[in-house]
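Secondary and tertiary structure notes
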Number of protein chains: 4
Amino acid sequence: MDGKKTESVSSFPVRTDLALENRESFEGDGGEVSGVALREWVHKKSRVKLTEVKILNSQGAQAMGKPMGTYLTLEANQLLKEDEEYHSQIAGELAGELRRLMEEMLGGRGCFRKTGGPGGGQNGEKKKGKKKKGFPAILVAGLGNSSVTPDSLGPRVVGNLRMTRHLREFGQREEAAQISGIAPGVMAQTGMETAEILKGIIRETKPDLVIAIDALAARSVRRLGTTIQLTDTGIQPGSGVGNHRHSLTEESLGVPVLAIGVPTVVGAAAIVQDTLSALIQVLRNSRITKKTGDWIAGMEPEDQYQLIRELLEPEFGPLYVTPPDIDQSVKRLSFTISEGIHQAVFEEKGRE
Amino acid sequence: MDGKKTESVSSFPVRTDLALENRESFEGDGGEVSGVALREWVHKKSRVKLTEVKILNSQGAQAMGKPMGTYLTLEANQLLKEDEEYHSQIAGELAGELRRLMEEMLGGRGCFRKTGGPGGGQNGEKKKGKKKKGFPAILVAGLGNSSVTPDSLGPRVVGNLRMTRHLREFGQREEAAQISGIAPGVMAQTGMETAEILKGIIRETKPDLVIAIDALAARSVRRLGTTIQLTDTGIQPGSGVGNHRHSLTEESLGVPVLAIGVPTVVGAAAIVQDTLSALIQVLRNSRITKKTGDWIAGMEPEDQYQLIRELLEPEFGPLYVTPPDIDQSVKRLSFTISEGIHQAVFEEKGRE
Amino acid sequence: MDGKKTESVSSFPVRTDLALENRESFEGDGGEVSGVALREWVHKKSRVKLTEVKILNSQGAQAMGKPMGTYLTLEANQLLKEDEEYHSQIAGELAGELRRLMEEMLGGRGCFRKTGGPGGGQNGEKKKGKKKKGFPAILVAGLGNSSVTPDSLGPRVVGNLRMTRHLREFGQREEAAQISGIAPGVMAQTGMETAEILKGIIRETKPDLVIAIDALAARSVRRLGTTIQLTDTGIQPGSGVGNHRHSLTEESLGVPVLAIGVPTVVGAAAIVQDTLSALIQVLRNSRITKKTGDWIAGMEPEDQYQLIRELLEPEFGPLYVTPPDIDQSVKRLSFTISEGIHQAVFEEKGRE
Amino acid sequence: MDGKKTESVSSFPVRTDLALENRESFEGDGGEVSGVALREWVHKKSRVKLTEVKILNSQGAQAMGKPMGTYLTLEANQLLKEDEEYHSQIAGELAGELRRLMEEMLGGRGCFRKTGGPGGGQNGEKKKGKKKKGFPAILVAGLGNSSVTPDSLGPRVVGNLRMTRHLREFGQREEAAQISGIAPGVMAQTGMETAEILKGIIRETKPDLVIAIDALAARSVRRLGTTIQLTDTGIQPGSGVGNHRHSLTEESLGVPVLAIGVPTVVGAAAIVQDTLSALIQVLRNSRITKKTGDWIAGMEPEDQYQLIRELLEPEFGPLYVTPPDIDQSVKRLSFTISEGIHQAVFEEKGRE
């Protein structure tokens with residue numbers, strides 16, 4: 001009976017959409033996971049904590065339960081507060097990271113450097129052919145259900161964005177990224193898979209990149225509205241508050257998909273599990289109940305999970321836990337994210 | 001160690017806004033609570049189950065944790081389904097019960113009987129003086145936050161209602177109830193207590209009765225969207241999804257308050273407690289862990305509650321559990337309730 | 001100087017999306033337009049007036065300024081009133097006409113007859129091959145801008161509809177039409193043409209028919225919210241409140257397009273023209289001003305139009321006139337239309 | 001026949017809510033109106049044009065058709081554009097003017113100066129007694145119908161505001177203004193007069209000042225979304241897009257009312273009148289029609305108005321003209337105004 005076993009309690013396969021939380025569940029094992037590279041840093045001014053999890057190979061992918069790729073999280077507890085200046089700082093940080101990720105995903109085309117030397121332009125030219133150089137066409141997909149508050153982040157971000165793709169024809173020179181956007185709704189509203197709708201629109205409008213915004217489920221309540229995850233792997237089946245059934249990835253959609261996600265709910269099962277974990281600690285600290293605590297902690301994770309499922313069933317399928325002021329959080333975050341996208345695609349100051 | 005003790009686990013003072021659920025927590029004790037009268041019946045056609053809990057005296061009030069008065073619940077599992085005809089049946093039942101309760105609250109004035117004999121009219125005349133006879137003026141208050149889906153029931157009902165109070169002056173004869181309505185918002189949106197706003201409006205517009213619609217918190221997930229509670233006691237402090245801080249009662253507002261509530265959330269603590277209750281059963285059924293199960297079950301309810309609170313703290317203050325299709329439920333229910341009110345106040349067929 | 005000339009005033013090419021109004025502008029000429037067939041009838045019970053304008057050839061198309069095809073209008077002044085039973089009657093009529101038009105457009109496949117004999121089924125089989133028989137797949141497109149009240153009809157109808165296409169996979173037998181729906185937004189919101197979005201979705205989801213719902217511009221204020229136009233010609237460039245720039249027709253989208261339109265605005269220019277028409281009458285009735293009245297009435301329609309344009313410019317580009325209670329009209333109409341579609345595609349009683 | 005007569009055409013009593021436009025209708029007479037003082041200046045940096053119309057006595061009030069008081073307008077054509085920095089500048093200007101007006105209305109209490117010398121504080125003390133000094137309590141009323149786009153400005157501004165009144169009790173020191181807010185809806189939604197609702201709330205919550213935000217009707221299309229009017233006279237009967245029937249003034253509500261209005265519609269009659277004015281000019285310039293032009297121009301304004309009314313009736317009661325992108329304008333303006341209020345009441349930089 002040691003630390004490892006106890007920690008294994010929190011490695012129950014309870015659902016999280018955050019790679020960061022998958023990663024944390026291994027920390028009891030020394031923190032090293034084969035095939036996974038970790039990098040952490042803190043931004044000086046804003047005190048935002050950034051964590052980059054790179055899943056390098058299939059071994060890492062299996063351990064993490066997520067596909068290979070880069071997962072970057074910005075953690076900023078003050079995001080919950082109504083502080084415009086702070087939100088503007090976070091938008092700036094987000095813009096920088098977005099731009100970096102987009103350039104990597106677009107093959108280092110240097111798309112966003114207005115004064116880009118011939119090299120950048122020529123690289124782009126070589127890579128894509130049809131697109132001589134310059135600015136990418138980006139389709140922003142605001143996933144989720146606009147009439148369910150915690151699931152409305154994506155549609156709200158799209159509602160805030162300044163679309164530019166349609167301005168081309170009006171004689172405007174191609175001096176900036178071409179932004180288009182859609183909030184495709186959820187299956188109950190449309191009768192269609194989000195993947196079907198996006199696939200069709202992409203085939204017709206041929207963007208270079210899709211940015212998919214989605215509300216996520218986290219493991220921990222303290223992440224709600226305080227963490228932004230960027231990833232170049234797109235959206236996986238089963239992820240998001242609305243539980244997407246199909247993947248939205250480069251493989252399925254034909255163009256690279258940068259996903260921006262913010263946790264706005266915690267699965268009810270996660271909450272129960274946290275409480276049980278805490279209960280086990282209490283039981284093991286008492287002489288009378290130590291045996292039971294050990295007994296539960298000593299169960300195989302699979303069996304523990306089974307136990308919780310049995311206790312919860314049948315009421316606990318898809319229930320979500322959310323704080324009552326979620327409307328304010330989602331509204332503020334939608335502005336921070338749309339501002340971050342604006343800076344990343346339209347402005348010089350984005351990163352440097 | 002007997003059944004009683006086990007049952008006491010579920011009498012943790014975890015919050016429910018339903019008198020029905022308070023009542024159920026006593027069932028292990030034989031079901032009889034002093035000062036509380038219970039009546040149950042099932043409607044033949046619609047299979048709606050009706051339960052009337054009357055809290056008759058202060059002893060009953062203390063046992064139930066709710067003020068003296070009548071609490072009527074309609075339970076209809078099919079309310080979750082999208083069946084217009086069924087919803088229309090429920091609206092009819094609701095109308096009948098609403099009318100009955102309103103007439104009791106308005107002193108048997110027989111307000112709604114168009115062909116009312118002289119008796120009814122004269123009673124009314126004696127009681128109120130200023131209002132000769134006839135139709136009451138009703139202010140409908142749609143409590144809650146319209147931008148948080150599970151808390152938006154009240155504002156939605158008000159949005160569906162046909163207001164008539166302002167038509168008086170346009171020469172329309174007083175042949176029907178005068179309906180007015182307001183969705184006062186929540187304190188974070190207005191900076192004011194709901195009670196302050198309503199008190200002011202009531203003083204100015206002088207309704208005979210307030211109908212307050214609110215989204216409630218239940219103990220059990222299966223009540224979400226399937227139960228409608230009517231009560232003549234108004235709204236108590238601490239109740240509702242938005243946790244009203246002040247009471248909305250005849251005492252505080254100066255006019256009788258009929259409250260219509262539908263549970264749309266379950267407190268996260270209730271979910272945890274349910275799981276723990278189930279866990280205790282499991283523990284007691286195993287030889288190894290029986291001692292622990294007994295130990296927990298044997299704790300004083302107060303201590304048990306304290307234990308859960310400690311396990312949950314600090315993350316679990318005001319978290320709510322809600323199903324992901326809550327938007328559809330709330331939309332449908334808001335139509336059922338507004339239709340019920342329309343029939344109760346405007347139509348003959350209401351009851352009979 | 002005779003009646004014809006005066007009438008020609010109202011044949012100014014001021015924009016209307018209603019074939020009925022185009023047709024009316026010819027009535028001064030005896031009412032006969034070559035290449036255009038007219039049929040009118042009144043429904044006994046609901047007193048709805050139905051008018052079918054069939055544009056039979058290119059001569060008719062040129063005269064009417066609309067493509068060849070069938071244009072059916074339902075006129076019902078009481079639609080403006082809040083009378084649920086009446087709205088329900090109109091929904092029934094609408095359902096019948098919709099069903100008739102859909103069956104014509106789908107090649108008489110008899111798609112909606114549940115008890116269809118072998119003939120109907122086999123016809124369908126021969127025609128499409130892949131689709132053995134039975135019920136069609138319909139994509140409903142709610143055109144317009146949900147955040148501009150008079151342009152929000154389409155998105156609202158889609159929001160009311162019961163989608164069924166995604167239920168196929170859940171083992172539900174193909175016993176009803178497969179409905180899917182999308183509110184694609186307007187170009188300023190998405191950066192994309194509506195036609196692009198729909199083309200992509202159609203290519204991916206392969207519906208048999210598109211139903212496009214749109215808010216229209218009428219010539220006459222009294223049509224606002226009282227007239228429903230059905231047509232098998234789809235949506236033309238320049239039509240709709242939002243002024244669609246591209247056509248949504250079988251030619252452009254690859255599947256037949258049934259358009260449902262309701263006028264919710266009148267162009268400001270139309271209002272001015274009406275006033276001028278009335279002024280001319282006044283002028284001609286006075287001895288002093290008769291000469292001027294005759295002078296204006298005697299102008300070539302082109303010159304009259306030019307005069308008005310000059311008077312209105314530059315302020316009068318895209319201004320719309322709308323009544324202040326448009327929100328209620330649009331809300332009610334959206335329920336009537338979605339109910340009509342439901343009955344047309346799901347129910348037996350639709351037609352008979 | 002001279003300039004005066006022609007000008008009188010545009011002095012038809014067609015409705016405008018802008019004092020600026022009332023004032024302009026006198027400009028043909030030399031611009032001097034007895035009892036009305038005019039001051040105009042242009043802000044150097046933002047190029048905002050400010051006009052202050054002071055109606056000094058009953059003679060001025062009669063001439064202008066508006067009550068005595070101060071009417072300040074900010075005109076900024078670029079407000080229609082999506083330029084965040086510019087909007088932020090306008091918000092700053094608005095804040096300065098709001099603060100100045102509020103201080104005048106609150107009796108020079110110097111409420112907003114944190115470092116206010118003893119004089120300011122003592123004055124306040126003397127004036128009100130109960131309120132020792134310091135920060136005022138302000139109720140912001142967002143008038144209009146949130147579901148009719150051009151009438152939704154008021155409710156949107158209230159939705160953007162940071163309420164603080166309810167924070168008092170949580171131990172927060174009175175270091176800032178106490179803001180509360182309500183969007184009372186329109187009579188068709190509530191069955192109550194806006195004045196009744198506000199009167200009640202004011203009686204209950206006792207603010208020092210009401211700020212009422214409303215969408216206005218202008219005479220000229222070019223004012224739509226480009227002009228902000230501030231006045232210390234409150235809201236008059238018949239004003240606003242929704243046509244308030246009762247006044248909201250210090251006299252009727254018991255506290256001073258600062259009204260902020262932005263034109264979002266033009267009455268359809270105004271549009272027609274503009275066109276007729278232009279037509280008259282055309283008629284008078286032609287030899288054939290000069291007589292008619294003179295005849296119309298020579299009519300008494302009352303008779304002209306009657307003529308237009310007759311031409312327009314019965315269709316033209318309450319029709320409004322609005323541009324199709326009004327949703328974007330109203331959204332942006334609501335942020336500019338709420339930001340202006342925030343700076344005026346919470347920040348130091350507001351004025352200086």
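For the structure itself, look to the data block above.
A closer look at the overall build of chain A
- Helix and strand counts for chain A stand at 13 helices and nine strands.
- Across the 352 residues that make up chain A, the buried fraction comes to 59%.
- A separation threshold of at least 6 residues defines the contact pool for chain A, and within that pool the share at least 24 residues apart is 72%.
- About 14,500 Å² of surface is accessible on chain A, with carbon and sulfur atoms providing 49% of the total.

Describing the interface of chain A and chain C
- Facing 27 residues of chain A, the contacting portion of chain C comprises 27 residues.
- When the two sides are added together, the surface that chain A and chain C hide from each other amounts to roughly 2,200 Å², 55% of it contributed by carbon and sulfur.
- Between the two partners, chain A and chain C, sit four salt bridges.
- Note that Arg 165 of chain C is salt-bridged to Glu 196 of chain A, the shortest N-O span being 2.7 Å.
- At the junction of chain A with chain C, the criterion picks out ten residue pairs in polar contact (both at pLDDT 80 or more).

Details of the packing of helix α8 (residues 194-205) of chain A against helix α8 (residues 194-205) of chain C
- In the contact formed by α8 of chain A and α8 of chain C, the axes pass within 7 Å of each other and the chain directions differ by 120 degrees. With respect to each other, α8 of chain A and α8 of chain C are oriented oblique. Crossing angle aside, the handedness with which α8 of chain A passes α8 of chain C is right-handed. For the pair α8 of chain A and α8 of chain C, the contacting residues are Glu 196, Ile 197, Lys 199, Gly 200, Ile 201, Arg 203, Glu 204 and Thr 205 of chain A in the first and Glu 196, Ile 197, Lys 199, Gly 200, Ile 201, Arg 203, Glu 204 and Thr 205 of chain C in the second.
- When the residues that make up the contact of α8 of chain A with α8 of chain C are grouped by side-chain class, the tally is four nonpolar, four polar and eight charged.

A word on the relation of the copies chain A and chain C
- Rotating chain A by 180 degrees about the axis while translating it 0.0 Å along that axis superimposes it on chain C, leaving an RMSD of 0.1 Å. The superposition operator between the copies reduces to a two-fold rotation axis. Within chain A, Gly 200 of chain A has its C-alpha nearest the rotation axis, a separation of 1.9 Å.
- Residue by residue, 100% of the interface of chain A is reproduced at the interface of chain C, so both copies engage with the same surface.

Quick look at the side chain of Ser 180 of chain A
- Secondary-structure assignment places Ser 180 of chain A in strand β5 (residues 178-182).
- Every residue in contact with Ser 180 of chain A, bar those within four places of it in the chain, is listed here: Ile 138, Leu 139, Val 140, Met 163 and Arg 165 of chain A together with Thr 190, Gly 191 and Met 192 of chain C.

Section: helix α13 (residues 326-346) of chain C
- Relative to the 30 Å expected for 21 residues at 1.5 Å per residue, α13 of chain C spans 30 Å between its end C-alpha atoms, a close match to the ideal helical length.
- Among the 21 residues that make up α13 of chain C, 17 are buried, leaving the element largely enclosed by the rest of the structure.

Describing the environment of Glu 339 of chain A
- Counting through the fold element by element, Glu 339 of chain A comes out in helix α13 (residues 326-346).
- The contact partners of Glu 339 of chain A, leaving out residues within four places of it in the chain, are Ala 91 of chain A together with Glu 84 of chain D.

As for a positive patch on the surface
- Residues Arg 287 and Lys 291 of chain A together with Arg 287 and Lys 291 of chain B make up a contiguous surface patch of positive charge.
- Along the chain, Lys 291 of chain A falls in helix α11 (residues 290-297).
- A relative accessible area of 54% places Lys 291 of chain A in the exposed class.

A word on the pattern of salt bridges
- This structure, assessed with the given rule, holds 32 salt bridges over all chains.
- In this structure, Arg 100 of chain A engages Glu 104 of chain A in a salt bridge whose closest nitrogen and oxygen atoms are separated by 3.9 Å. In this pair, Arg 100 of chain A and Glu 104 of chain A are both assigned in helix α4 (residues 84-105), four residues apart and thus about one turn of the helix distant.
- For Glu 52 of chain C, the salt bridge goes to Arg 100 of chain C, with nearest N and O atoms at 3.6 Å. Taken together, the positions of Glu 52 of chain C in strand β2 (residues 49-55) and Arg 100 of chain C in helix α4 (residues 84-105) put the pair 48 residues apart, joining distant regions of the chain.
- Exposure remark for Glu 52 of chain C: the relative accessible area of 7% places this residue in the buried category.
- Residues participating in the shared-partner salt-bridge network are Arg 39, Glu 52, Glu 97, Arg 100 and Glu 104 of chain A.

Some thoughts on the pairing of strand β5 (residues 178-182) of chain C
- In terms of burial, β5 of chain C is a largely internal element, five of the five residues being buried.
- Residue alternation in β5 of chain C divides its side chains into two sets, Gln 178, Ser 180 and Ile 182 of chain C and Ile 179 and Gly 181 of chain C, and both sets are buried.

Digging into a negative patch on the surface
- Taken together, the side chains of Glu 82, Asp 83, Glu 84 and Glu 85 of chain A define an acidic patch exposed on the protein surface.
- As for its position among the elements, Glu 84 of chain A is in helix α4.

Definitions and cut-offs
Along every chain, residues carry numbers that run from 1 in the direction the sequence is written. Starting at A for chains and at 1 for ligands, labels are handed out in the order in which the entities are written. Under the rules for a predicted model, residues below a pLDDT of 70 receive no local features and side-chain atom pairs below 80 are neither given nor counted, while totals for whole chains, interfaces and linings still include all residues. As a rule here, side-chain values cover all heavy atoms of the structure and leave hydrogens and water aside. The helix count covers DSSP runs of H or I at least four residues long, the strand count covers runs of E at least two residues long, and both are numbered beginning at the N terminus. Each residue is assigned to one of three classes by its accessible area relative to the maximum for its type, calculated with a 1.4 Å probe on protein chains only: buried under 20%, partly exposed between the two thresholds, exposed over 50%. Between two residues, a contact is recorded if the distance between any of their heavy atoms is within 4.5 Å. Only the protein chains shown count as cover for residues, and all accessible areas are computed by the Shrake-Rupley method using a 1.4 Å probe. Accessible surface is computed with a 1.4 Å probe, and the buried area is the amount of it that two parts give up when combined, taken over both parts together. Whenever Lys or Arg places a side-chain nitrogen within 4 Å of a carboxyl oxygen from Asp or Glu, that contact is recorded as a salt bridge. We call two N or O atoms a polar contact when they sit within 3.5 Å, provided that within protein one can donate a hydrogen and the other can accept it, with sequence-adjacent residues counted only if both atoms are side-chain atoms. Axis lines are fitted through C-alpha atoms, for helices just across the contact stretch, and the angle between N-to-C directions can take any value from 0 to 180 degrees. Angles are sorted into four bins: roughly parallel if under 35 degrees, roughly antiparallel if over 145, roughly perpendicular if 65 to 115, and oblique for all others. Put simply, a crossing is left-handed when the front helix is turned counterclockwise from the back one by less than a right angle, and right-handed when it is turned clockwise. Here the term charged refers only to Asp, Glu, Lys and Arg, the term nonpolar to Ala, Val, Leu, Ile, Met, Phe, Trp, Tyr, Cys and Pro, and the term polar to all other amino acids, Gly among them. Alignment of copies: least-squares fit on C-alpha atoms of residues with pLDDT of at least 70 in both copies. Residue count minus one, scaled by 1.5 Å, sets the expected span of a helix. To count toward a patch, a residue needs a relative accessible area over 30% and no salt bridge; like charges are then connected within 9 Å, while nonpolar side chains (Val, Leu, Ile, Met, Phe, Trp, Tyr) are connected within 5 Å. The sign given to each residue is positive for Lys and Arg and negative for Asp and Glu; His and the chain ends receive no count. Lysine's charge is taken at NZ, arginine's at CZ, aspartate's at CG and glutamate's at CD.

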